[in-house]
Amino acid sequence: MLDILNIVLPVFVLIGLGYVARWVGLVTDTVVDSMMRFTILFLVTALLFGAIADLDLKANFDGAMLGSYYAAGFACFCAGLLGARHLFGRPWEDSVVIGFGSLFANSLMLGLPIAERAFGAESLGGNFAIISVHSLFAYGVGITAMEIVKARGKSFFATVTTVLNGMVSNALVLAIAAGFAVNLSGITLPTAIDDSIDLLSQAALPTALFAIGGVLRRYRPEGDLRVVLYICALSLGLPPALAYALGSHFDISQDNVRSMITTASMAPGVNAYLFANLYGHAKRVAASAVLIGTALSIVTVSCWLLILQ
């Protein structure tokens, strides 16, 4: 168990460092926002672009793994949406946000560093394969559901257009698409550009963890605590359990099962709050779920790593 804590705790120490730095005023909200923006637009995009460009697609794009992971994620979205509506009586718009928060695990900024520390950088191919379609899938499901709820008669074409606009304006989706383009075309990047991408990539995860800590400081545990705990229970428990069961049923390789679980077991990501803010519904609940879920994941992720090892 001590070995597991040595894997998990350094990741959360960096998050805590960012949280404390913002708490005591060493950095301001403006600095944290600028750091997060820089991380997403430059560091994380470089990381994703480089990883997808170099990824062995044939070896890592396992249909059974991706199908199992996203089937588990969609089940969690449905459970979050329907539970919010029928158990807690929330409006449909709030329910979609709650479902999205249950679905969108922090696979990139939290899942990757934990998986790398636990199983090594060479084992991350499955993680990157999952991440490469994560935003597309999650935002596709969330935006489609919200637009259907809001449409009240809006045309199918208008709904599809809204979903596609959301996709093409996302920097991470664009970086992934560019990575696939380089990978599939067989283009060899000049050494200077390739090395520059590597340098940016090396700074991505520690900077992202610190920035997440600063962002979490501004959130307060507010709103309906029952709903918040419901989101946390779903996102931290249901997807990894379903992914583990499906992985065993379809005889998925050990490395890919590890990739599924280390991604599925993560707390709701900051995107859950961004989605809530985008539509102006359940913002306090989403923010609280990100904060409380991240804290609880110290224990739950450690348990899953213990199972996997």
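It should be emphasised that the depicted structure is a prediction, and the values quoted were computed from it without experimental measurement.

**Observations regarding the pattern of salt bridges**
Right, so step 1: Enumeration over the complete set of coordinates arrives at three salt bridges.
Right, so step 2: A salt bridge links Asp29 to Arg22, with the shortest nitrogen-to-oxygen separation between them at 2.7 Å.
Right, so step 3: Judged by relative accessible area, Arg22 falls into the partly exposed class, the value being 22%.

**Focus on the environment of Val215**
Right, so step 1: With respect to the helices, strands and loops of the structure, Val215 is situated in helix 11 (residues 191–217).
Right, so step 2: Linking Val215 and Leu110, residues 105 residues apart in sequence, is a C-alpha distance of 14 Å.
Right, so step 3: Ignoring anything within four residues of it in the chain, the contact list for Val215 reads Val32, Met36 and Val270.

**Quick notes on the nonpolar core**
Right, so step 1: One finds Leu108 and Leu305 to be the most contacted residues of the largest nonpolar core, which totals 66 residues.
Right, so step 2: Considering every element that reaches this core, the biggest residue donor is helix 11, with nine residues.
Right, so step 3: Sequence-distant contacts of Leu305, defined by excluding residues within four places in its chain, comprise Ile4, Ile7, Val8, Ile114, Ala118, Phe119 and Thr262.
Right, so step 4: Counting 28 residues, the second largest nonpolar core, distinct from the first, contains Val96, Ile143, Val228 and Cys232.

**Examining the packing of aromatic side chains**
Right, so step 1: Under the definition given, this model contains 14 aromatic pairs.
Right, so step 2: A centroid spacing of 4.6 Å and a plane angle of 50 degrees characterise the contact between Tyr70 and Phe137, whose relative ring orientation is tilted. Linking Tyr70 in helix 4 (residues 63–86) with Phe137 in helix 8 (residues 134–151), this pair joins segments that are 67 residues apart in sequence.
Right, so step 3: With relative accessibility at 8%, the residue Tyr70 sits in the buried group.
Right, so step 4: Take Phe137: its relative accessible area is 25%, and that puts it in the partly exposed class.
Right, so step 5: For the ring pair Phe100 and Phe104, a centre distance of 5.4 Å and an interplane angle of 40 degrees mean the geometry is tilted.
Right, so step 6: Judged by relative accessible area, which is 0%, Phe100 ranks as buried.

What counts, and at which threshold
Numbering of residues begins from 1 in every chain and follows the order in which that chain's sequence is written. Totals for whole chains, interfaces and linings use every residue, but because this is a predicted model, local features are given only for residues with pLDDT of at least 70 and side-chain atom pairs only at 80 or more, for both listing and counting. Each side-chain value is derived from all of the structure's non-hydrogen atoms; neither hydrogens nor water enter the calculation. The term salt bridge refers to a pairing of a side-chain nitrogen on Lys or Arg with a carboxyl oxygen on Asp or Glu at a separation within 4 Å. Exposed residues in this analysis have more than 50% of their type's maximum accessible area, buried residues have under 20%, and partly exposed residues fall in between, with area computed by a 1.4 Å probe over protein chains only. Secondary structure elements follow DSSP: runs of H or I no shorter than four residues count as helices, runs of E no shorter than two count as strands, and numbering proceeds from the N terminus. The criterion used for residue contact is that any of the two residues' heavy atoms lie within 4.5 Å. Throughout, nonpolar core names a set of buried Ala, Val, Leu, Ile, Met, Phe, Trp, Tyr and Cys residues whose side chains join them through atoms within 4.5 Å. When the centres of two rings from Phe, Tyr and Trp lie within 6.5 Å, Trp using its six-membered ring, the rings pair. Their planes under 30 degrees apart give stacked, over 60 give edge-to-face, and anything left gives tilted.

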